[in-house]
Amino acid sequence: MATETVSVATRPRTAATQPRRKRRRVGPGKPIPYGRALGPILLLAIWALASATGVLDPRKLSAPWTVAGTFADLIEAGTLQEHVLASLERAVFGFLIGAVAGLALALLAGTSRIGEALIDGPMRIKLAIPTIGLIPLLILWLGINEGFKITIIAVAVAVYMYVQVHAGLTGIDQRYVELAQVQNYSRWEFVRHVVFPGALPGVFVGLRLSVTASWLILITVEQINALSGVGYMMTQAQEYAQTDIIIVGLVIYGVFGFLSDALVRIAERRVLGWRRTLTN
C-alpha cells in the first residue's frame, strides 16, 4: 500500500512551533529616575538660552543668573527667611485646620444619612463658590489680620478634603458593608475594618489637592494688606518692576508646593503599598 507523505511545509504548526507574538506594552513603562525633575530642568535651560541670546528682555524677565544673585542677596540680608517663615506659618496652620475639619465633616456625611443630609448640600454649594469670592465677606467679619488669612486657607482646604474623602466613603463596595453586617460588626469595628481602609485612597487624594490649594490661596491673601510673607515681598517688587524678586517668590512657592506634594506621595506609597496602579 502506498504511503501518503505530507510535506513539512504543509503540516499544521503546533503551539510549540508557532512563533511567539510580541506582547504589546500598554502601560506607561518603568519609572524614569528623577523623571519629574526633567521638565523643570528643560524649562530652566530654555529660559537661560533665551536670556543669553537676548530673546528675553531683562526688563520683562530677569535672567536665571540675575535671579540667583538676588536670591543670595535676600538670604544674606535675612529678608527672605523672614518672609518665608511668615508664609509657612499661615500655610501650615490653615492646612491643618482645614484638613481636620474637612475630614471630620466627610466622615459624618459619609457614615450617617442625617449627616449627609445636613452637610453634603452646603459643602457642594461652597464647592461651586470660588473661595476668593468669600474674601470681602470674611474681611467684614474678621478684619484684615492673620486670622482672616488662615481662615480663608482653611476654608479652601476643608472643601477639597471633604469632597475627596466623601467620594471615597460613598464609593466603598456594598459587598463589604453586607459582609460587616453578616459578621455582626459593631460601629467601631465597621469604621475600623471597612470605612477607614476604604476611605484611605480618597484621604490621600484630598491631602494632595488640599496642599496645593493652601499654597494657591496663600498667594492671594498675602497680597491683601499684608506686612510680611512671600506674596507681600512680590507685591512690593511689582511696584518697582523688580522681576528678579518676583521670580524668586514664584520659585519659592513652586518649590514648597512640589515638596509638600512629594511628601504626601511618599506617605501614600507607604500606606497604600498594596494597591497596584499604572505608576508603581
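In this text, all values refer to a predicted model and were calculated from it rather than measured experimentally. (Residues numbered from 1 in each chain as written. Predicted model: local features only at pLDDT ≥ 70, side-chain atom pairs only at ≥ 80, totals over all residues. Heavy atoms only, no water.)

Of the regular secondary structure elements, the protein chain holds 10 helices and 0 strands. Within the protein chain, buried positions represent 33% of all 280 residues. Sequence-distant contacts in the protein chain: of pairs separated by 6 or more residues, those separated by 24 or more amount to 70%. (Helix = DSSP H or I, 4+ residues; strand = E, 2+ residues; numbered from the N terminus. Buried < 20%, exposed > 50% of the residue type's maximum accessible area, 1.4 Å probe, protein only. Contact = heavy atoms within 4.5 Å.)

This brings us to the pattern of salt bridges. Summed over all chains, the structure comprises 7 salt bridges. Here the salt bridges do not stand alone but share partners, grouping R90, E146 and E222 into one network. (Salt bridge = Lys/Arg side-chain N within 4 Å of Asp/Glu carboxyl O.)

Right, let's get into the environment of I153. Relative to the assigned elements, I153 resides in helix α6 (residues 146–170). As for I153 and I97, which are separated by 56 residues in sequence, their C-alpha atoms are 8.9 Å apart. Setting aside residues no more than four positions away along its own chain, I153 makes contact with R90, A91, G94, F95, S214, I217, L218 and V221.

This part is about the packing of aromatic side chains. Under the definition given, this model contains 2 aromatic pairs. With centroids separated by 6.5 Å and ring planes inclined at 70 degrees, the aromatic side chains of W215 and Y253 adopt a geometry described as edge-to-face. You can see W215 sitting in helix α8 (residues 187–221) and its partner Y253 sitting in helix α10 (residues 243–271), a full 38 residues away along the chain. You can call W215 buried: its relative accessible area is 11%. By relative accessible area, which is 6% here, Y253 ends up buried. For the pair W215 and F256, a centre-to-centre distance of 5.4 Å together with 5 degrees between the ring planes defines the contact as stacked. Residue W215 is found in helix α8, and its partner F256 is found in helix α10; the two are separated by 41 residues along the sequence. Grouped by ring-pair contacts, the aromatic residues W215, Y253 and F256 constitute a single cluster. (Phe/Tyr/Trp six-rings, centres within 6.5 Å; stacked < 30°, edge-to-face > 60°.)

Viewed as axis vectors pointing N to C, helix α9 (residues 230–239) and α10 meet at an angle of 160 degrees, and their least axial separation amounts to 8 Å. Put simply, α9 runs roughly antiparallel to α10. As for the relative orientation of α9 and α10, their crossing is left-handed in sense. In this structure, α9 uses V230, G231, M233, M234, A237 and Q238 to contact α10, whose residues at the interface are I245, I246, G249, L250, I252 and Y253. Looking at the contact of α9 with α10, its residues break down into 9 nonpolar, 3 polar and no charged. (Axes fitted to C-alpha atoms, helices over the stretch in contact; angles between N-to-C directions. Parallel < 35°, antiparallel > 145°, perpendicular 65-115°, else oblique. Left-handed = near helix turned anticlockwise from the far one by under 90°. Nonpolar A, V, L, I, M, F, W, Y, C, P; charged D, E, K, R; others polar.)

Further remarks concern α8. A rise of 1.5 Å per residue sets the reference length of α8, with its 35 residues, at 51 Å; its end C-alpha atoms lie only 42 Å apart and thus fall more than 12% short of the reference. Along α8, the largest kink reaches about 40 degrees and is centred on L200; proline P201 follows within four residues of it. (Expected span 1.5 Å × (residues − 1). Bend = angle between axes of the 7 residues up to and from the residue.)

Glancing now at the environment of A104. Residue placement: A104 occurs in helix α3 (residues 79–111). Classification of A104 as partly exposed rests on a relative accessible area of 37%.

As recorded in UniProt, the feature "transmembrane region" (unreviewed entry) lies at residues 34–56, 91–115, 127–144, 150–169, 190–207 and 245–267. Measuring from the first to the last C-alpha atom of residues 150–169 gives 28 Å, for a span that is 100% helix and 0% strand. The span residues 245–267 shows a helical share of 100% and a strand share of 0%, and its end C-alpha atoms are spaced 33 Å apart. (UniProt positions renumbered as here; feature names shortened; annotations may be inferred.)

All right, on to the nonpolar core then. L80, I152, I153, Y162, L207, L218 and V230 are the most contacted members of the largest nonpolar core, which totals 52 residues. Ranked by residue count, the leading element in this core is α8, at 13 residues. When sequence neighbours within four positions are dropped, the list of residues in contact with Y162 reads G102, L105, A106, A109, I119, D120 and M123. (Core = buried A, V, L, I, M, F, W, Y, C linked by side-chain atoms within 4.5 Å.)

Contact geometry of α6 with α8 gives a least axis separation of 7 Å together with a crossing angle of 155 degrees. The angle between α6 and α8 places the two elements in the roughly antiparallel class. Pair α6 / α8 crosses with right-handed handedness. Of the residues contributing to the contact of α6 with α8, the split by class is 18 nonpolar, 7 polar and 1 charged.

On to unusual backbone geometry. In terms of backbone geometry, most residues other than glycine have negative phi values and most peptide bonds are trans. The phi angle at A241 is positive, at roughly 55 degrees, despite the residue not being glycine. Positionally, A241 belongs in the loop between α9 and α10. With relative accessibility at 58%, the residue A241 sits in the exposed group.

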